[in-house]
Amino acid sequence: MNTFLVTFVIVLTLVTLLMLEPPNDQDFMREALRQAQKAREAGEVPVGAVVVLAGKIIGRAHNQVELLKDATAHAEMLALTQTQAAVGDWRLTECDLYVTKEPCAMCAGALVHTRIRRVIFGCTDPVAGAAGSVINLLQMPALNHRCDIAPGVLQGECAAILQDFFRSRRDEQTENPKSETRN
């Protein structure tokens, strides 16, 4: 009886472990989308990022440009800074970054400098994308590091949050036009 019970518990444990799938790219991108939603709720351009090491999120952030009055406060930059503090090193060679929108040149440069292993992004940025749309800084042969790139993860959801944000912003400007003069 005891042998049967022990065997049953072992089998049940193994079956349970097999049923538990490790997180995948879509799971981590969903967390980046949650970060993007936080940015949207704060009136920021809705971009979110998470950094993953050994299957665990160790850094997460969303755009905070308006809040911090800092043009460099992009989700990727903030997530990298948080991750470097958590790891205790500026080199993030075993880390992967998930971001809802293709990184800009500033963020792509930081990703190369921190030696991020892999960059996974949702939607492309045909105006300023530096992971292949306009330029590919992440895999530039002249630089000392190249990141693997996986584009298009949850692309529809990632594009939708940005499109909705900018549509709302245009609607607000139409309803409340500012008579602002720029010098």
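Residues numbered from 1 in each chain as written. Predicted model: local features only at pLDDT ≥ 70, side-chain atom pairs only at ≥ 80, totals over all residues. Heavy atoms only, no water.

K.L.:
Account for the pattern of salt bridges, with residues named and values stated.
P.N.:
Under the definition given, this model contains nine salt bridges. The salt bridge involving D89 is made with R91; its shortest N-O contact spans 3.3 Å. The exposure class of D89 is partly exposed, given its relative accessible area of 29%. Linking K101 and D125 is a salt bridge whose minimum nitrogen-to-oxygen distance equals 3.1 Å. Residue K101 is located in strand β3 (residues 95-101), and its partner D125 is located in the loop between β4 (118-123) and β5 (148-150); the two are separated by 24 residues in the primary sequence. Under the relative-accessibility criterion, D125 is labelled buried at 12%. Salt bridges sharing partners connect three or more residues here, namely E31, R34 and R60. (Salt bridge = Lys/Arg side-chain N within 4 Å of Asp/Glu carboxyl O. Buried < 20%, exposed > 50% of the residue type's maximum accessible area, 1.4 Å probe, protein only. Helix = DSSP H or I, 4+ residues; strand = E, 2+ residues; numbered from the N terminus.)

K.L.:
Any chance you could break down unusual backbone geometry for me, citing the residues and the numbers?
P.N.:
Residue K69 is not a glycine yet carries a positive backbone phi of 50 degrees. Tracing the sequence through the fold places K69 in the loop between α3 (65-68) and α4 (75-87). On the basis of relative accessible area, K69 is assigned to the exposed category, the value being 69%. One non-glycine residue with positive phi stands out, namely L154, at about 50 degrees. Looking at L154, the relative accessible area reads 14%, which means it is buried.

K.L.:
Account for the environment of A73, with residues named and values stated.
P.N.:
Mapped onto the fold, A73 is located in the loop between α3 and α4. Of the residues examined, A73 reaches a relative accessible area of 1% and is grouped as buried. Considered as a pair, A73 and I57 are 16 residues apart in the sequence and their alpha carbons are 20 Å apart. Excluding anything up to four places from it in sequence, A73 contacts H62, N63, Q64, V65, L68 and L78. (Contact = heavy atoms within 4.5 Å.)

K.L.:
Lay out the pairing of β4 in plain terms, naming residues and giving numbers.
P.N.:
In terms of burial, β4 is a largely internal element, five of the six residues being buried. In terms of handedness, the path from β3 via helix α5 (residues 105-113) over to β4 forms a crossover that is right-handed. Of the pairings in the sheet, the one linking β4 to β5 comprises three bridges and is parallel in character. Bridge assignment links V119 to a residue of β5, and that residue is I149. (Right-handed = clockwise from strand over helix to strand, strands pointing away. Pairing = 2+ DSSP bridges.)

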